[in-house]
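As a plain string of letters, each chain reads:
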Amino acid sequence: MKLFLNYISLFMILFLGSCEDKIDLELGSIEEKYVIVADLHNANPLQTIQINKAVDFSNNTTKNPVLGAHVLVENTTSGRSYKFVDGGDGSYTIDKMTLNEGDSYALHIEMSDGEAFEATCKMPVFVNVDSIGLLRKKRFDEEYIYATLSFVDPVGEENYYKYKLKLNDEEFKFSDVFSDKFNDGLLVEHEITNEDNDLKVGDRIQILRQCIAKDVYTYWSNIQGQNPGSAAPFNPISNISNGALGYFSVSSAQYYHLDVAEKRKL
């Protein structure tokens, strides 16, 4: 979350000067924006929404939590509403929230200053994995290890996939997103690794596979496509109203576990 907030702040700072040939950075005066991260999925009983304000480089902290917001998620298919509880640290939670594949959900947030934000998301049906394993590739005499998930993509449907990876005792981190634009209805293999591409023998891997909505895929695809050295980076396209940064996602999900073992000798 800390890295995410700093990354967003960097986008905003650079964008302010991107229309001029000469870029002068005012590092202490970015416009404050709300950052809402609502990544709900049915692999966990506890659902959490994080609300912060973007932090600029003049601030001594990397987190600026928003307190006192009213946070509600409505299942617009069934009409049932779920109120999230303020944790006092920028997190808003609810336990044992029922999420149904195929149902539509709406996010409603009202801040203590009166600002309001909304978003909608339809929860996709989960695409089952047929097999999971490890793949070893050699590049310039270096061996790289990937976790692989194989499955048959549903024919005639738009499908979007997001992966988070946990290595040993570290926290889950975003790994990759995929669409089925070029392999609709085919047997597909997704190769997953951590951000440093340094999986090694003895590592314990936990993967969270999420089937996500198209606009959530677009958001994470924007982040993947950013070049930090570009003269004109931009904020990823949010599906939340009123200029908020972040995203609202309700996804179907499942965890997978792997241990990286030595190669078998023939």
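Before reading on, note that the structure itself is shown above.
Residues numbered from 1 in each chain as written. Predicted model: local features only at pLDDT ≥ 70, side-chain atom pairs only at ≥ 80, totals over all residues. Heavy atoms only, no water.

**Q** Describe the pattern of salt bridges, listing the residues and the values that go with them.
**A** Two side chains carrying opposite charge are able to pair once their charged atoms lie near each other. Inspection of every chain in the model, using the stated rule, returns seven salt bridges. Close ionic contact of Arg136 with Glu143 constitutes a salt bridge, the shortest N to O distance being 3.7 Å. As a salt-bridge pair, Glu195 and Lys173 come within 3.5 Å of each other at their nearest N and O atoms. Note that Glu195 is positioned in the loop between β12 (187-192) and β13 (204-211) and Lys173 in strand β11 (residues 173-179), a separation of 22 residues in sequence. (Salt bridge = Lys/Arg side-chain N within 4 Å of Asp/Glu carboxyl O. Helix = DSSP H or I, 4+ residues; strand = E, 2+ residues; numbered from the N terminus.)

**Q** I'd like to hear about the sheet that holds β11, residue by residue, with values.
**A** One key point about sheets: their strands pair by backbone hydrogen bonds, in either a parallel or an antiparallel sense. Reading across the sheet, the eleven strands line up as β7-β6-β3-β4-β5-β2-β1-β14-β13-β10-β11 and stay open at both edges, with mixed pairing between neighbours. What marks the edges here is a single partner per strand, and that holds for β7 (116-122) and β11. The average angle at which neighbouring strand axes cross in this sheet is 25°, direction not considered. In the sheet, strand β3 (residues 70-75) pairs with strand β6 (residues 104-110) via six bridges, with the strands oriented antiparallel. In the sheet register, Val73 faces β6, and the bridge partner there is Leu107. Packing of helix α2 (residues 214-225) onto the sheet brings it into contact with β7, β10 (160-167), β11 and β14 (245-259), and relative to β11 it is tilted by some 120°. (Pairing = 2+ DSSP bridges. Axes fitted to C-alpha atoms, helices over the stretch in contact; angles between N-to-C directions. Contact = heavy atoms within 4.5 Å.)

**Q** Go over the packing of aromatic side chains with me, naming the residues and quoting the values.
**A** All chains considered together, the criterion is met by nine aromatic pairs. Judged by centre distance (5.1 Å) and plane angle (35°), the ring pair of Tyr160 and Tyr217 falls under tilted. Placement of the pair is Tyr160 in strand β10 and Tyr217 in helix α2, with a sequence separation of 57 residues. For Tyr160, a relative accessible area of 11% translates into the label buried. (Phe/Tyr/Trp six-rings, centres within 6.5 Å; stacked < 30°, edge-to-face > 60°. Buried < 20%, exposed > 50% of the residue type's maximum accessible area, 1.4 Å probe, protein only.)

**Q** Tell me about the sheet that holds strand β8 (residues 131-139), and name the residues and values.
**A** Strand order across the open sheet formed by three strands is β8-β9-β12, with antiparallel pairing between neighbours. Edge strands, defined here as strands with exactly one partner in the open sheet, are β8 and β12. Looking at each pair of strands side by side, their axes are set apart by 35° on average, direction ignored. Bridging between strand β9 (residues 142-152) and β12 involves six bridges; their strand directions are antiparallel. Pairing of Thr148 across the sheet is with Glu191, part of β12.

**Q** Can you break down the environment of Ser241 residue by residue, with the values?
**A** Looking at the element boundaries, Ser241 is found in the loop between α2 and β14. A relative accessible area of 31% means that Ser241 is categorised as partly exposed. Sequence spacing of Ser241 and His108 is 133 residues, and the spatial spacing of their C-alpha atoms is 10.0 Å. Apart from residues lying up to four places away in sequence, Ser241 is in contact with Ala116, Phe117 and Glu118.

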